[in-house]
Amino acid sequence: MATYYNEPSHTFSEYLLIPGYSDSTCIPSNVSLKTPLVKYKKGQEECPLTLNIPLVSAIMQSVSGVKMAQALAREGGISFIYGSQSIEDEAKMVREVKSFKAGFVKSDSNIKPTDTLEDILALKEKTGHSTVAVTDNGKGDGKLLGIIGSKDYRVSRMSLDTCVSSFMTPLEDLVYAKWPITLKEANDIIWDNKLNALPIVDDEGKLLYFVFRKDYDTHKENPLEVLDAHKRYIVGAGINTRDYEQRVPALIEAGVDVLCIDSSEGFTEWQQRTISWIRANYGDKVKVGAGNIVDKAGFRFLAECGADFIKVGIGGGSICITRETKGIGRGQATALIDVAEERDKYFKETGIYIPICSDGGLVYDYHMALALAMGADFLMLGRYFARFDESPTEKINLNGNYVKEYWGEGSARARNWMRYDLGGDKKLSFVEGVDSYVPYAGSLRDNVKMSMSKVKSTMCNCGAITIPQFQEKAVLTLVSATSITEGGAHDVILKDNKFEIK
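Residues numbered from 1 in each chain as written. Predicted model: local features only at pLDDT ≥ 70, side-chain atom pairs only at ≥ 80, totals over all residues. Heavy atoms only, no water.

Let's talk about the pattern of salt bridges
Spelled out, the test is: The term salt bridge refers to a side-chain nitrogen of Lys or Arg lying within 4 Å of a carboxyl oxygen of Asp or Glu. Only protein chains enter the accessibility calculation, which uses a 1.4 Å probe. A residue is then buried if its area is under 20% of the maximum for its type, exposed if over 50%, and partly exposed in between. Helix and strand labels come from DSSP, where a helix needs a run of H or I of at least four residues and a strand needs a run of E of at least two; each type is numbered from the N terminus.
On inspection of all chains with the given rule, the structure shows 22 salt bridges. The salt bridge involving Asp 284 is made with Arg 279; its shortest N-O contact spans 3.6 Å. Look at Arg 279 and you get buried, because its relative accessible area is 16%. Put simply, Glu 342 and Arg 300 hold a salt bridge, and the shortest N to O gap is 2.9 Å. Residue Glu 342 is found in helix α10 (residues 332–350), and its partner Arg 300 is found in helix α8 (residues 296–305); the two are separated by 42 residues along the sequence.

Digging into the nonpolar core
We apply this condition: Residues enter a nonpolar core if they are buried and are Ala, Val, Leu, Ile, Met, Phe, Trp, Tyr or Cys, with the set joined through side-chain atoms within 4.5 Å. It only takes one pair of heavy atoms within 4.5 Å for two residues to be counted as in contact.
Judged by nonpolar contacts, the single largest core of 111 residues is most densely connected at Leu 55, Phe 80, Leu 259, Phe 299, Leu 379, Phe 385 and Phe 470. Contact partners of Phe 385, with chain neighbours within four places excluded, come to Leu 55, Val 56, Ser 57, Val 63, Met 68, Leu 72, Ser 391, Leu 444 and Val 448.

Considering the sheet that holds strand β20 (residues 401–407)
Rule in force here: Paired strands are those between which DSSP finds at least two bridges. Axis lines are fitted through C-alpha atoms, for helices just across the contact stretch, and the angle between N-to-C directions can take any value from 0 to 180 degrees.
Spatially, the three strands line up as an open sheet ordered β19-β20-β21, and their pairing is antiparallel. Here the strands that pair on one side only, and so sit at the sheet edges, are β19 (395–398) and β21 (435–439). Mean inter-strand twist for the sheet, computed between neighbouring axes without regard to direction, equals 50°.

Some words on the packing of helix α2 (residues 87–98) against helix α6 (residues 244–254)
Applied cut-off: Any angle between 65 and 115 degrees counts as roughly perpendicular, while under 35 counts as roughly parallel, over 145 as roughly antiparallel, and the rest as oblique. Crossing handedness follows the turn of the near helix against the far one: under a right angle anticlockwise gives a left-handed crossing, and clockwise gives a right-handed one. Residue polarity is assigned by list, with Asp, Glu, Lys and Arg as charged and Ala, Val, Leu, Ile, Met, Phe, Trp, Tyr, Cys and Pro as nonpolar; anything else, Gly included, falls into the polar class.
At a closest axis distance of 8 Å, the pairing of α2 and α6 adopts a crossing angle of 20°. The orientation of α2 with respect to α6, classified from their angle, is roughly parallel. Seen from above, α2 lies across α6 with right-handed handedness. Seen from α2, the contacting residues are Ile 87, Glu 90, Ala 91, Val 94, Arg 95 and Lys 98; seen from α6, they are Gln 246, Arg 247, Ala 250, Leu 251, Glu 253 and Ala 254. Along the lines of polarity and charge, the residues of the contact of α2 with α6 split into six nonpolar, one polar and five charged.

Observations regarding a nonpolar patch on the surface
The line we're drawing: Patch membership needs two things, relative accessible area over 30% and no salt bridge, and members are linked within 9 Å if like-charged or within 5 Å if nonpolar (Val, Leu, Ile, Met, Phe, Trp, Tyr). Here the accessible surface of atoms and residues is derived via Shrake-Rupley with a 1.4 Å probe, and residues count as covered only by protein chains that are part of the display.
A cluster of nonpolar side chains, contributed by Leu 16, Val 363, Tyr 364 and Tyr 366, occupies part of the molecular surface with about 390 Å² of accessible area. By the secondary structure assignment, Leu 16 is in strand β1 (residues 15–17). The class for Leu 16 is partly exposed, based on a relative accessible area of 41%.

Considerations on the sheet that holds strand β10 (residues 177–178)
With mixed pairing, the three strands of this open sheet are ordered in space as β10-β11-β12. A strand with exactly one partner marks an edge of an open sheet, and here the two such strands are β10 and β12 (207–212). Relative to β12, strand β11 (residues 197–201) runs antiparallel, the two sharing five bridges. Each bridged residue has a counterpart across the sheet, and for Leu 198 the counterpart in β12 is Val 211. Helix α4 (residues 183–193) rests against β10, β11 and β12 of the sheet, and its axis sits at about 65° to β12.

Re the packing of helix α1 (residues 66–75) against helix α13 (residues 444–461)
Packing of α1 against α13 brings their axes to within 10 Å, and their N-to-C directions diverge by 40°. With respect to α13, the element α1 is oriented oblique. Of the two elements, α1 crosses α13, and the hand of that crossing is right-handed. Of the residues in α13, those touching α1 at Met 68, Ala 71, Leu 72 and Glu 75 are Leu 444, Arg 445, Val 448 and Lys 449. The residue makeup of the contact of α1 with α13, split by class, is five nonpolar, no polar and three charged.

A short note on unusual backbone geometry
Here the amide bond leading from Trp 179 into Pro 180 is cis, since omega sits at 5°, within 30 degrees of zero. Within the secondary structure, Pro 180 is located in the loop between β10 and α4. The backbone phi angle of Lys 194 is positive, close to 55°, even though this residue is not glycine. Its location among the elements puts Lys 194 in the loop between α4 and β11. In the Ramachandran plot, Lys 231 falls in the positive-phi region, its phi being about 65° despite a non-glycine side chain. Its place among the elements puts Lys 231 in the loop between α5 (214–220) and β13 (236–239).

Below, the structure is given as structure tokens:
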């Protein structure tokens, strides 16, 4: 007969944290959200990959592109570039993220000397950038011939067919630097020569980067950004259990820092085979996460397979319909609590700490704090990040409100059959995700700062200033349906915004 859990599984909204004693050190400015990304011998060595905030973006077409990866790394988290695309395209996206060097910007506004003022204006309209590199081939890696800035032309006094070569500032009149050069050296040249931009070229005169004066303060404002040893953003990428023998080498060559098997269900021989192949060919040098699972047995299986982190959650995503389609899944809070208990048991047995990632079911900011308290080391979010400027989708005006498109990897639109691969035909027999909209929310930076401020405040209320302290000190209680209602605004008439006193 079937095995039954006597207790129902619960969601985050069914729990609250009980405040604990907070001493004078428990203030948000003292809170560190640093957290491990991959397994390590806790207490004996430093984790080889850590995050400065416990947020990662989901392995989804509508979420994790190049802009998202750069923006999230800047704030201290990491993105996993979606794998439901060609190997070449995914590797290219990883390469684009890794080509970023803190302060060194690849030029995306380039033009040929034979082009015209009209072409300059069209390029400025497209990119919004006023500094344009003039190269022999009109590309960002061409031989630098000159630069055009907003002071080099006056539209009211020049013909639109005026040739670029006639009004650009030529190379011989430019201050530029040769690679290699440090960011400090580049900024010193900028300040000493009162420049707005410094082009960096190689020995052959080909353009490599720009360093901009305006970026000096920007990088000072990003103390949490996660960079590798070469000052490049850290980025992850999704893989599947079918073409990993071709995809993994391509992603490694592109410079990926960590991989994750993107699958709706991780307790399978297919994931075991994938991890075994990676270990046989790359040892422990290549970091790979696995999942998703919802119980102790699933965690133990993937831990013994060699996973570097393990994702928890099935069916809890806002665009996921796996539970109603197949009857598979578990309440996210219960799943996380169960798996965290097994993670800690595994650590006591082996001395190896395997981080767990809570994936799905996070609706409100306070759910982030609850998930961390319940044992998650970091959180994977889709809907949350899909709302921001940096997600790959377009902003659309729908009935007077701005929204962004958001679709599941199991939807007919994504057709990511490999995420739901059970070893059968190469097709998506039925959908497990929907196509939808989410309310547009602005920039990632502003929203992430606000969300993390709330998490820090909650941690202080519980007497903790680090995530491990939070998990050790947290006291949680289940709440009734009536108590949930009590927790929100009730028994009042809410003011309409148009009647607010200004």
